[in-house]
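# Descriptive analysis of the structure
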Amino acid sequence: MRNTSIRHLSILGASLAAIAVAAPAFAADADDAGAEAGAEAIVVTGQRTTYNNAALDETLLDDKSPVASAIDLIGTLPGVQVNEGDAFGFDDWSTTYSIRGYQTNLDTQQVGLTIDGLPNGGSGYGGGSKAGRFVDTMNIGTVEVFQGTADIASRSNEALGGTINFVTSDPKDEFNVRLSGSVGDYDASRYYGRIDSGLIGGVAKGWISYAH
């Protein structure tokens, strides 16, 4: 009985030693076979893709009233809803906007807001930083709306159920003067003027505007 157990243990030990010796040899043979076959390293790369994005073009901007607020410009895009308590959008207490269920209002900030890609604080009343406080509606070149949940690369202070980026218009290459005026009920009025310098010395250009 004891002799049988010793013999079994001896056979098991010899088998394990043979496997340990054969494993490195097998790995080396596999590497040699791969090198002879000309195998190359396989590199897999991925690219972030966000769907359901939208942007305002010149046609949509021209269709908007001059008295529309910066936030109201995106109200016609699919999946976006804007509610304002006054005609000019100056009342931050009553201004709310949402993108497919994510919203920013007096209590909740779930939509990121940037101007030319730069964060401008929180978008609620406490942050006091809605786009209309920094750029006039008629100086906006386009508005980019990213409806997907943003990632860590998005420049915003919000919880990010989407991101809105207001892009200011570039100066024109030629000298240009733009004037606009609007009047309404209850003595409402709005006046706007802008001057584009055009190219100066072929290297610089700029614009200056005034609105009341």
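Just above sits the structure.
These figures come from a predicted structure and were not determined experimentally.

## Quick word on the pattern of salt bridges
All chains considered together, the criterion is met by three salt bridges. Here K205 and D173 are joined by a salt bridge, their closest N and O atoms 2.6 Å apart. A residue pair is termed long-range when its members are at least 10 positions apart, and K205 in the loop between strand 10 (189–196) and strand 11 (207–211) and D173 in the loop between strand 8 (163–168) and strand 9 (176–183) qualify at 32 residues.

## What to know about unusual backbone geometry
Positive phi, close to 50 degrees, is recorded for R100, a residue that is not glycine. In this fold, R100 is placed in the loop between strand 3 (96–99) and strand 4 (102–104). The residue D116 is not glycine, and still its phi comes out positive at about 55 degrees. The topology assignment puts D116 in the loop between strand 5 (112–115) and strand 6 (118–119).

## Focus on the nonpolar core
Core analysis: the biggest nonpolar cluster contains 22 residues, and I74, V143, I164 and F166 have the highest contact counts within it. When residues of this core are traced back to their parent elements, those giving at least two are strand 2 (80–83), strand 3, strand 5, strand 7 (140–146) and strand 8. Residue contributions to this core peak at three residues, all from strand 7. Filtering out sequence-adjacent residues up to four positions away, I164 remains in contact with I74, Y97, I99, V111, G112, L113, T114, V143 and E144.

## A closer look at a nonpolar patch on the surface
Taken together, the side chains of F175, V177, L179, I195 and I208 define a hydrophobic patch exposed on the protein surface, amounting to about 560 Å² of accessible area. Relative to the helices and strands, I195 is located in strand 10.

## Re the packing of aromatic side chains
Applying the stated criterion across every chain yields a total of zero aromatic pairs. The ring of W207 carries the charged tip of R194 above its face, separated from the ring centre by 4.4 Å.

## Thoughts on the side chain of D196
Tracing the sequence through the fold places D196 in strand 10. Within the structure, D196 has its side chain in polar contact with the backbone nitrogen of K172 (distance 3.1 Å). A polar contact is formed between the side chain of D196 and the side chain of R194, at a distance of 3.0 Å. Residue contacts for D196: discarding those within four places in its chain leaves D170, P171, K172, E174, F175, N176, G206 and W207.

## Overview of the sheet that holds strand 3
The three strands lie next to each other as 2-3-4, forming an open sheet whose pairing is antiparallel. Single-partner strands in this sheet number two, and they are strand 2 and strand 4. The average undirected angle you get between the axes of adjacent strands in this sheet is 15 degrees. Of the strand pairs in this sheet, strand 2 and strand 3 are connected by four bridges, and their pairing is antiparallel. Bridge pairing in strand 3 links Q81 to S98.

## Considering the sheet that holds strand 11
Spatially, 9-10-11 is the arrangement adopted by the three strands of the open sheet, whose pairing is antiparallel. If you trace the sheet from one side to the other, it starts and ends with strand 9 and strand 11, each paired once. The average undirected angle you get between the axes of adjacent strands in this sheet is 5 degrees. Relative to strand 10, strand 9 runs antiparallel, the two being bridged by eight bridges. Paired with S180 across the bridge in strand 10 is Y192.

## Topic: the environment of S94
Position of S94 among the secondary structure elements: in the loop between strand 2 and strand 3. Accessibility expressed as a relative area gives 26% for S94, which makes it partly exposed. For S94 and L106, which are 12 residues apart along the polypeptide, the C-alpha to C-alpha distance reads 7.6 Å. Aside from chain neighbours lying at most four places away, what touches S94 is N83, E84 and G85.

Definitions and limits used
Residues numbered from 1 in each chain as written. Predicted model: local features only at pLDDT ≥ 70, side-chain atom pairs only at ≥ 80, totals over all residues. Heavy atoms only, no water. Salt bridge = Lys/Arg side-chain N within 4 Å of Asp/Glu carboxyl O. Helix = DSSP H or I, 4+ residues; strand = E, 2+ residues; numbered from the N terminus. Core = buried A, V, L, I, M, F, W, Y, C linked by side-chain atoms within 4.5 Å. Buried < 20%, exposed > 50% of the residue type's maximum accessible area, 1.4 Å probe, protein only. Contact = heavy atoms within 4.5 Å. Patch = residues over 30% accessible without salt bridge, like charges linked within 9 Å, V, L, I, M, F, W, Y side chains within 5 Å. Areas by Shrake-Rupley, 256 points an atom, 1.4 Å probe, with all protein chains shown as cover. Phe/Tyr/Trp six-rings, centres within 6.5 Å; stacked < 30°, edge-to-face > 60°. Lys NZ or Arg CZ within 6 Å of the ring centre and 35° of its normal. Polar contact = N/O pair within 3.5 Å; in protein donor to acceptor, adjacent residues only side chain to side chain. Pairing = 2+ DSSP bridges. Axes fitted to C-alpha atoms, helices over the stretch in contact; angles between N-to-C directions.

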